[in-house]
Structure formats: structure tokens, C-alpha cells
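So the chains spell out like this:
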Amino acid sequence: MLIKLDWSKHALLKRSLPAVLVTLPLGSSLGYTGKASAKDMQMSSGMHHASSKKHHDDSHAHMTGHNAKSGHHNHDMDDDNGNMGSATENIHVTSAMSAGDRKMHEVMMKTSRFGDVVTGKEAQEQQFTTLNDYSYKVPGFRPNTTTPHYSRMSIRGLGQPLSGSAGIGYLSETAFSVDNVTWLQPDYQAGDWSNISSFEIGYGPGGTAGGHNSDVGVISIMTALPSFKRSTQYEQTVGNYGHTIEKLDSTGSILRGHLAYRITGYYDNANGWIHDILNGKRYQNINRGGVRAQLLATEENYTDRFIFSYNGSSEYSQYGESAGTGGASAPIGDSVLVYGNGRYAGSYAATLASRLNKSVLTYNPYRPALADPGKERSNVYTASNELNYHIGRNTLTSISAVGLFSGVNSGTTDNQNVWIGTGGEMDDYGVQGSQEIRLASPQEDKIAWTVGLYGVDNSAWNRMHHTAFGTDAAAWYSRPAAVTGLTQWEKNYNTNIQAAIFAQTVIHVNNKFSLTLGLRNSYDIQKFNNKFEVGYVPGTAYSYDQQRQALRA
């Protein structure tokens, strides 16, 4: 059901909020979605000055957010308030495909390899948000994402590592690219991917056209460009467990015809479905948010696009996901341990009472009583800049990018208000910098070519809390030196450096047949270091040697 409230006949409201769209999708799920948009109802300077020269090809049109082949446009048709000027007789209405539709047409009809595309319109209509949502639409694509900093992306079942082999620094055989920048670590895949221009999957090796090489395929996301036409859109979705998703998208002109901006943001929050009877917290909750800010500059011979993005989360995601492993325990009854030789070790309740003088508070795994629940926190920052400079009919492109992420995973303590310790949690950190320079001919030429250089330095490290003692550890293990905070770390360091030169030629025999030839030479350096380390607790009555012996026991 679609409800449109049109206030265009009211002069005052027309200037502030001309139209509001509210959508109410009706179905079997419990939820509500509302959308409001405010756009300039007058003609604005959405189309900037475009040269009629041949070098303004489709790739330039995608960068600037319009079809450059539509011809010359006059900046003076609007005044500063968006009102019509005297040049109305020069307005020509043309039907041009959106950037997403152009990408769909290119991949399906022109690209010399198999692929698939989801347009931004499709993503909005079907309310796609995460990579998992796109997997329902794209055949053979599985992101295998479980947490904001863990993914085993695969295409057609290929590229997914065996369990335990996707540690820090692991490079998937499936490349992940956002706005022509390849991000190597899974942490960069988290976030809201609803406000896009296109989502493309390319099957097979894709390193000869630029970016980082990949053996299985490439997932390429192009986000929506800044527009010179002013527009603001707000969307809210609500559901059970207090679930609320809020999204904001605002774009417009800063310097008419020369500089535009786009700011998008989202906030995703929901109460968890596991309720702690001790502290009132709800586990398996959702608490995520992010922002993407862009600037697009356009001039006669170049376009420049700068993007900054942030994605963050802070959630109680450990209990319920790792219950029964590591430091989390979820008893469902007064269990009894019997050894293979028939020896009876006593019941769960009896052991808890004898060692810690505490009683059982709950046998309901959905109503635990955790002494110190741990959060999973993730912060991901990226910044990139793409410059396209036209030299005659050819285009010189420079793409610079830097990324930084941290994922701190604090383990869940034991049940029954007991804190013996935690184990198995992983903290991830990393930084990536890349630079790509390429020169390309117009891609619609009979013989189209691309040559370029690519370099990336990706460093990542993590630390695993193999053992971290809590307040009840000393009594439970009968080891006085097992003081609170004593931790055994496993630390891993990984560095991936690549320098590459690539070239690709596409020979268009006719409109139904083309031949693609590509060559890439990459020089890779990979370094890995692993070590165990003890995190001693200073200022206690026990020496470091005594603490180390407590860890070994």
C-alpha cells in the first residue's frame, strides 16, 4: 500500500517539504516501514556542463551521475532558489538509463564474461541491506557472514576456506570491491549496502582490468553518486523486539555544476531475545550504525570523487552464539558427570556448591545469569579518492584508498553469577592502503584497451584470549595465583604486499561477439608471525612465575 501526501499546493510547505512518501508493506511479518522524501520540485542544476567531445564516454557519465552524451546543458536555467530562468526554451527531455541500469545492460549484453547485477532500484524495492540479503537475488553467491568482522565469501561454492583456515590475514579467492577499491579483510564487508547504484558479481579471474587479482570472481558494489539535484530521503522500519532501522540520504549541490555532496547514514537497533535475570541485559541484540560522506567535483576535463565511510557496532553477541563453548555455559538441568571407568563426579549443582559455595540460579538457557557479559565491538573506517582526467579521447584514472578497522571481542563469563574465566575470543586489528593508476581508451571503441599499475599494503593482526581468569578462578581451580585478569594470549601478525602491472584488450567483432585478452604480472610478499604471550597482573601477592604456573595447571 502506498500513501502519497502532496503539499505542493500550499506555498509555505512546498518550499520546505514538498512531498512525503509513506510506504506500508503488508504481509505476515510483524513490522512497519515508513519512508519520507523531500525533493526540490522546481528545475535545479542537476545536469552540469558537459563537453560534447567524444572523450565524455559512459564511464565518465557514471562518475558524474548523468549521461554525458545527452549534450550541452545551460547552468543559467535556474536561479539560486531553483526557480526557472529565461532559458526554458532550451530544455530537452530525454530518457536516459540510470547508472545501475547501464551497468546491468553492460554486464548482460556487452561484458565478455558471465556475471549478474542487482540495480539500486531493485535493492530499494526489496529492502536489501546486508550482503546476506543480496545472496537471495544473485545465483551462486554466499557471503557466509556471521559477525561484523567474520566472513567466508564464496561464489558457486568456490573461495570458501575450510573451518579454522580463515584466520587473520587470510585473503579470499573472491574479491570484494566498493567504488572501484578492493578491500581485502572481511571487516570491510560489514555495514548497510542499501543505498547503491549497482551490485555486480563477476565470475572468473578479474585482475586484468584493475584492482586486486582474484581467482574465483569479484563482488563489485557501486554506491549512489552525489547529485546536483537537491534531495533528502528518510526511511524507518520497525518490528518486534523493539527493532528499529533508520536511514537518511541527502544530496545536493554545493557549487552549482561543479561540486556536489551526498551524505547517507543508518542506525540499526533491536533488543536481544535472551534476557539475563541478573542484570536485565538482553543478549543477541543488534546495535549498529554508520555514515558515508561523499564529494563529487566536475570540470571540463576531469571528475574527482572523495568518499569517507564509518561502520560501527557494539553488541552482546557472544552468549547464545558460543553457549557451551569457551567461557559460556548454558545448563539445562542438574547434569551428572560420569567418567569412562564408572566413577561418579557429582552433579552440577553439588560441584558449584562445594567449590564456590554458590547455588544454581537458573536452568533456563534463555534466562541466564551472567556475572560479566562481554560485548563484541567493531569500528571500520575507510577513505578513498578517484580522479578521472581526460587526455584526448582516453581517460587517466587514479584511485587512492586507506582503511582501518578494529574488532574487540570480549568473552562471555560463566552462568549462575560465576566468573571463572573466558576463552577463545579474538580481537582483530588492521590497516590497508592501496594505489591504482590506469589509462583506458573509450570502451565502446572497436578495439578497447586498458593498462595500469596497482599496489596494496595490507597489515592485520589479532590476539586470542586463550585463557582469561575471572574472580572465581582461584577458588574453582584451587590455585591462589590464578588472579583476576591473568591472560594467556596468542598473537598473530600478517602482512600482504602486492605490486602489479596489468593490461586488457577487448576486441568487439560485432554487437554479439567480442574477444577479451588480458595479462597481469603480480609480485607478492606475505609475512606471518605467531607467538604466545602471558598477560601478567602486576601488584599482586603472587610472582609472575607463580601466575605462569597457575596458567599451566
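The shown structure was predicted, so the numbers you read here are calculated from the model rather than taken from an experiment. (Residues numbered from 1 in each chain as written. Predicted model: local features only at pLDDT ≥ 70, side-chain atom pairs only at ≥ 80, totals over all residues. Heavy atoms only, no water.)

> Help me out: how do you make sense of the overall build of the protein in this one?
Looking only at helices and strands, one finds 8 helices and 28 strands in the protein. In the protein, the proportion of contacts linking residues at least 24 apart, taken out of those at least 6 apart, comes to 65%. A total accessible area of about 27,300 Å² is found for the protein, and carbon and sulfur atoms account for 55% of it. (Helix = DSSP H or I, 4+ residues; strand = E, 2+ residues; numbered from the N terminus. Contact = heavy atoms within 4.5 Å. Areas by Shrake-Rupley, 256 points an atom, 1.4 Å probe, with all protein chains shown as cover.)

> Just checking my understanding: could you explain the pairing of strand β25 (residues 425–440) for this structure?
Regular strands place their side chains on alternate faces of the sheet. Summarising the sheet, strand β23 (residues 394–409) and β25 pair through 13 bridges and their orientation is antiparallel. Within β25, the residue paired with T395 across the bridge is A440. Here β25 runs beside strand β26 (residues 447–469); their pairing, made up of 16 bridges, is antiparallel. Residue pairing for β26: D428 is matched across the bridge by N462. Linkage of β25 to β26, two consecutive antiparallel strands, is achieved through a turn of 6 residues. (Pairing = 2+ DSSP bridges.)

> How should empty space enclosed by the protein be read in this particular structure?
A water-sized probe, rolled over the atoms, reveals where empty space remains. Counted by the stated rule, this structure contains 5 cavities of 30 Å³ or more. Surrounding the largest cavity, 40 residues form its lining, D192, S194, N195, T264 and R292 being those nearest its centre. Among the elements of the structure, α4 (120–125), β13 (231–239), β14 (244–255), β15 (259–270), β18 (286–298), β19 (302–315) and β22 (376–391) are those that each provide at least two residues to the lining of the largest cavity. (1 Å grid on protein atoms, 1.4 Å probe; cavity = no way out; pocket = protein on both sides within 12 Å on 5 of 7 lines; lining within 4 Å. Points joined across faces, edges and corners; volume = space filled by probe spheres on them.)

> Where do I start with the packing of aromatic side chains in this structure?
Summed over all chains, the structure comprises 12 aromatic pairs. For the ring pair Y310 and Y381, a centre distance of 4.9 Å and an interplane angle of 40° mean the geometry is tilted. Here the residue Y310 occupies a position in strand β19, and Y381 occupies one in strand β22, the gap between them amounting to 71 residues. When its relative accessible area of 23% is taken as the criterion, Y310 is described as partly exposed. For the pair Y429 and W461, a centre-to-centre distance of 6.4 Å together with 20° between the ring planes defines the contact as stacked. (Phe/Tyr/Trp six-rings, centres within 6.5 Å; stacked < 30°, edge-to-face > 60°. Buried < 20%, exposed > 50% of the residue type's maximum accessible area, 1.4 Å probe, protein only.)

> Got a minute to help me understand helix α8 (residues 544–552) in this structure?
In an α-helix there are 3.6 residues to a turn, and that puts residues three or four apart on one side. Residues of α8 that are buried: Q547, A550 and L551. Buried positions in α8, seen along its axis, are confined to an arc of 100° and lie on one side of it. Against the buried residues of α8 lie β26, β27 (487–510) and β28 (513–535). (Arc of directions from axis to C-beta.)

> What is the right way to read the nonpolar core from this model?
Soluble globular proteins: nonpolar side chains tend toward being buried together. In terms of nonpolar packing, the biggest core is built from 27 residues, with Y134, F176, F199 and I219 touching the most fellow members. Elements with a contribution of two residues or more to this core: α5 (131–135), β9 (174–178), β11 (196–203), β12 (217–223) and β23. Beyond its immediate stretch of four places on either side in the chain, F176 contacts L131, M153, V181, T182, W183, Y188, Q189, W193, I219 and I221. By size, the runner-up hydrophobic cluster in this structure holds 9 residues, among which are A481, L486, V537 and L551. (Core = buried A, V, L, I, M, F, W, Y, C linked by side-chain atoms within 4.5 Å.)

> Explain the side chain of S250 to me, please; I cannot follow it from the model alone.
By the secondary structure assignment, S250 is in strand β14. Owing to a relative accessible area of 15%, S250 belongs among the buried residues under this scheme. Of note is the side chain of S250, whose polar atom sits 3.2 Å from the side chain of T232. Among residues more than four places away in sequence, those in contact with S250 are S231, T232, Y261, R262 and I263. (Polar contact = N/O pair within 3.5 Å; in protein donor to acceptor, adjacent residues only side chain to side chain.)

> What is the right way to read the pairing of β13 from this model?
Of the strand pairs in this sheet, β13 and β14 are connected by 8 bridges, and their pairing is antiparallel. Looking at the pairing, E235 lines up with K247 of β14. Counting the residues between successive antiparallel strands, the hairpin from β13 to β14 contains 4 residues, one of them, Y241, with a positive phi of roughly 55°.

> Hey, could you run me through the pattern of salt bridges in this one?
Pairs can form between side chains of opposite charge whenever their charged atoms are close. As enumerated under the stated definition, the model contains 13 salt bridges in all. Notably, a salt bridge pairs D445 with R393, separated by 2.9 Å at the nearest N-O pair. With D445 in the loop between β25 and β26 and R393 in the loop between β22 and β23, this pair connects stretches of sequence that are 52 residues apart. Note on D445: relative accessible area 17%, which makes it buried. Note on R393: relative accessible area 36%, which makes it partly exposed. Between E533 and K491 there is a salt bridge whose closest N-O contact spans 2.8 Å. Pair noted here: E533 is in strand β28 and K491 is in strand β27, with a separation of 42 residues, a long-range link. Through salt bridges that share partners, D179, R292 and R305 make up one connected network. (Salt bridge = Lys/Arg side-chain N within 4 Å of Asp/Glu carboxyl O.)

> How do you make sense of unusual backbone geometry when you look at a structure like this?
Where the residue is not glycine, phi is negative for most of them; where a peptide bond is considered, it is trans in most cases. Even without being a glycine, N417 presents a positive backbone phi close to 60°. By the element assignment, N417 lies in the loop between β23 and β24 (421–422). At S478, a residue that is not glycine, the phi angle is positive and equals roughly 55°. Structurally, the position occupied by S478 is in the loop between α7 (473–477) and β27.

> Before we go on, may I ask you to explain helix α6 (residues 348–356) in this structure?
Residues T351, L352 and L356 constitute the buried set of α6. Seen from one end, α6 has its buried residues packed into an arc of 100°, which puts them on one side. Buried residues in α6 make contact with β21 (344–347) and α7. Looking one or two residues beyond α6, the residue adopting positive phi is N357, at roughly 55°.

> Please explain the confidence of the model for the protein as it appears in this structure.
Detailed reading of the predicted coordinates is not advisable wherever pLDDT falls low. Across the protein, pLDDT averages 78, with 73% of residues at or above 70. In this model residues 322–328 is a low-confidence stretch, pLDDT under 50, and it forms 15 contacts with partners more than four residues away in sequence or in other chains. (pLDDT = per-residue confidence, 0-100.)

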